[in-house]
Amino acid sequence: MPSHVKKGDVVIVTKGASKGVVGEVLRVEAEGERVVVKGANIRTFHLKRTQARPQGTILKQEAPLHRSNVSPAVDGKPSRVRFPTKTDGSKVRVAVKGGKQLSVLHGPRKASKSAKSAKSA
């Protein structure tokens, strides 16, 4: 089943500590159904001192969120996604609010052999 969010989409976090944060999807992890959103779910890691880092360091980076906790942003508001199939056979992602087309999942389908033979008969 296709996912309602893809890499590069602008999304709004709808649940959790980062609720309301708007950011771009940096990556989608298929295993575990998780997404990493820029500026959301920031975690702090303390790194020990090494010869390369004599002072040690504090690293802040985005941690993955479950994909059900984000929604695509359409006109600044979260929206659900539908996957309609057009008459030419192409499948697209469409925002429920506003009907804006988000992306094309696949292009038009070729006509099947049975449909071709029915046209010629």
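Here the structure is a predicted model, which is why all the values come from computation and not from measurement.

## Some thoughts on the side chain of Ser-79
Next, step 1: Following the sequence through the fold, Ser-79 ends up in the loop between strand E8 (77–78) and strand E9 (81–82).
Next, step 2: Here Ser-79 falls in the buried class, since its relative accessible area comes to 4%.
Next, step 3: Among the polar contacts made by the side chain of Ser-79, one reaches the main-chain amide nitrogen of Val-96 at a distance of 3.2 Å.
Next, step 4: Of note is the side chain of Ser-79, whose polar atom sits 3.1 Å from the backbone nitrogen of Lys-97.

## Quick notes on a positive patch on the surface
Next, step 1: Together, Lys-77, Arg-80, Arg-82 and Lys-97 make up a region of like positive charge exposed at the surface.
Next, step 2: With respect to the helices and strands, the residue Lys-97 is situated in the loop between strand E10 (91–95) and strand E11 (101–106).

## Re the side chain of Ser-90
Next, step 1: Note on placement: Ser-90 falls in the loop between E9 and E10.
Next, step 2: Ser-90 sits in the buried class, given a relative accessible area of 6%.
Next, step 3: A distance of 2.8 Å separates a polar atom in the side chain of Ser-90 from a polar atom in the side chain of Asp-88.
Next, step 4: When neighbours within four sequence positions are excluded, Ser-90 is seen to be in contact with Pro-84, Thr-85, His-106, Gly-107 and Pro-108.

## Thoughts on the confidence of the model for the protein chain
Next, step 1: Scored by pLDDT, the protein chain comes out at a mean of 84, with 89% of its residues at no less than 70.
Next, step 2: Mean pLDDT in the protein chain bottoms out at helix H1 (residues 113–120), which sits at 58, and peaks at strand E4 (residues 42–47), which reaches 94.

## Quick look at the sheet that holds E10
Next, step 1: Strand order in this open sheet of three strands is E9-E10-E11, and the pairing throughout is antiparallel. Across the chains shown, the open sheet's two edge strands, defined by having one partner strand only, are E9 and E11.
Next, step 2: Where E9 and E10 come together, two bridges link them in antiparallel fashion. Paired with Val-81 across the strands is Ala-95, a residue of E10.

Definitions and cut-offs
- Residues numbered from 1 in each chain as written.
- Predicted model: local features only at pLDDT ≥ 70, side-chain atom pairs only at ≥ 80, totals over all residues.
- Heavy atoms only, no water.
- Helix = DSSP H or I, 4+ residues; strand = E, 2+ residues; numbered from the N terminus.
- Buried < 20%, exposed > 50% of the residue type's maximum accessible area, 1.4 Å probe, protein only.
- Polar contact = N/O pair within 3.5 Å; in protein donor to acceptor, adjacent residues only side chain to side chain.
- Patch = residues over 30% accessible without salt bridge, like charges linked within 9 Å, V, L, I, M, F, W, Y side chains within 5 Å.
- Areas by Shrake-Rupley, 256 points an atom, 1.4 Å probe, with all protein chains shown as cover.
- Salt bridge = Lys/Arg side-chain N within 4 Å of Asp/Glu carboxyl O.
- Lys, Arg positive; Asp, Glu negative; His and termini not counted.
- Charge placed at Lys NZ, Arg CZ, Asp CG, Glu CD.
- Contact = heavy atoms within 4.5 Å.
- pLDDT = per-residue confidence, 0-100.
- Pairing = 2+ DSSP bridges.

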